[in-house]
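Structural overview
For reference, the chains in residue letters:
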Amino acid sequence: MPSTDHASALREAGLRVTAPRLATLGAVAEQPHADAEAVAHAVRERLGTVSRQAVYDILNALTEVELLRRVSVGSRSMRYEVHRHDNHHHLVCRECGRLEDVPCAIGEAPCLIPHDDHGFDIEVADVVYRGVCSDCRAGIATAEAPPGSAAAST
Ligand SMILES: [Zn+2]
Ligand SMILES: [Zn+2]
Ligand SMILES: [Zn+2]
């Protein structure tokens, strides 16, 4: 997204257009699923003078107005991406933390309806698919059976 689009997105969300906000949006757009630390690093590379806390505050503000989406992947830190309002979900590798987008199989949120909603008006189901990515599976296979050791161990 060019920065003019980011500026109008900020305005439409009712936020003042500032250099740190533009840099934060730009950093997340360039580096989807970055954690706050990585975004702060990228913003400081662009602007030099922004404190980490300022970037964290901007991430929160932009998430609140749904310009950014915060992705919780469990014990690892929160990741950020530009909010596309597409209800997509994520695949997470439990070995290396690799994170991939996957379209929602249903499309519309909430895509999962509990058997008992306890009277709630359900808005969204956070779905995270967890497993082991192909690279890590290959690594695990090699570690378990190093070449040439198969004969010795049997
Ligand atoms: Zn992996
Ligand atoms: Zn995503
Ligand atoms: Zn879904």
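Nothing here was measured: the structure is a model prediction, and the numbers come from that model. (Residues numbered from 1 in each chain as written. Chains lettered and ligands numbered in written order. Predicted model: local features only at pLDDT ≥ 70, side-chain atom pairs only at ≥ 80, totals over all residues. Heavy atoms only, no water.)

1. Quick word on the environment of Val-127
Using the following cut-off: Helical segments are the DSSP runs of H or I of at least four residues, strand segments are the runs of E of at least two, and each set is numbered from the N terminus. Should any heavy atoms of two residues lie within 4.5 Å, those residues are considered in contact.
Among the secondary structure elements, Val-127 is positioned in the loop between strand S5 (99-102) and strand S6 (128-131). Distance in space between the C-alpha atoms of Val-127 and Leu-112 is 8.8 Å, their sequence separation being 15 residues. Residue contacts for Val-127: discarding those within four places in its chain leaves His-89, His-90, Cys-111 and Leu-112.

2. A few points about the coordination of the zinc ion (ligand 2)
Defined as follows: Donor atoms (N, O, S) are those found within 2.8 Å of the metal centre, with the cutoff raised to 3.2 Å for Na, K and Ca; water is not part of the atom list, so apparent gaps in a site can occur. The buried label applies to any residue whose accessible area, calculated with a 1.4 Å probe on protein chains only, is under 20% of its type's maximum; exposed applies above 50%, and partly exposed to all values in between.
Around the zinc ion (ligand 2), the protein contributes the donor atoms His-33 (NE2), Glu-81 (OE), His-88 (NE2), His-90 (NE2) and Asp-101 (OD), which lie 1.9 to 2.3 Å from the metal centre. Sequence positions of the residues that donate to the zinc ion (ligand 2) give the spacing H-x47-E-x6-H-x1-H-x10-D. You can see His-33 sitting in the loop between helix H2 (19-30) and strand S1 (34-35) and its partner His-88 sitting in the loop between strand S3 (79-82) and strand S4 (89-93), a full 55 residues away along the chain. For His-33, a relative accessible area of 10% corresponds to the buried category. Given the relative accessible area of 3%, His-88 is considered buried.

3. Quick word on the side chain of Thr-24
Locating Thr-24 in the fold gives a position in helix H2. Apart from residues lying up to four places away in sequence, Thr-24 is in contact with Val-39, Val-43, Val-55, Ile-58, Leu-59 and Leu-62.

4. Brief notes about the confidence of the model for the chain
The condition is simple: The score called pLDDT rates the predictor's confidence residue by residue, from a low of 0 to a high of 100.
Confidence in the prediction for the chain averages 88 pLDDT; 90% of positions are at 70 or higher. Ignoring residues within four places in sequence, the model shows residues 150-154, a span with pLDDT below 50, making 0 contacts including any to other chains.

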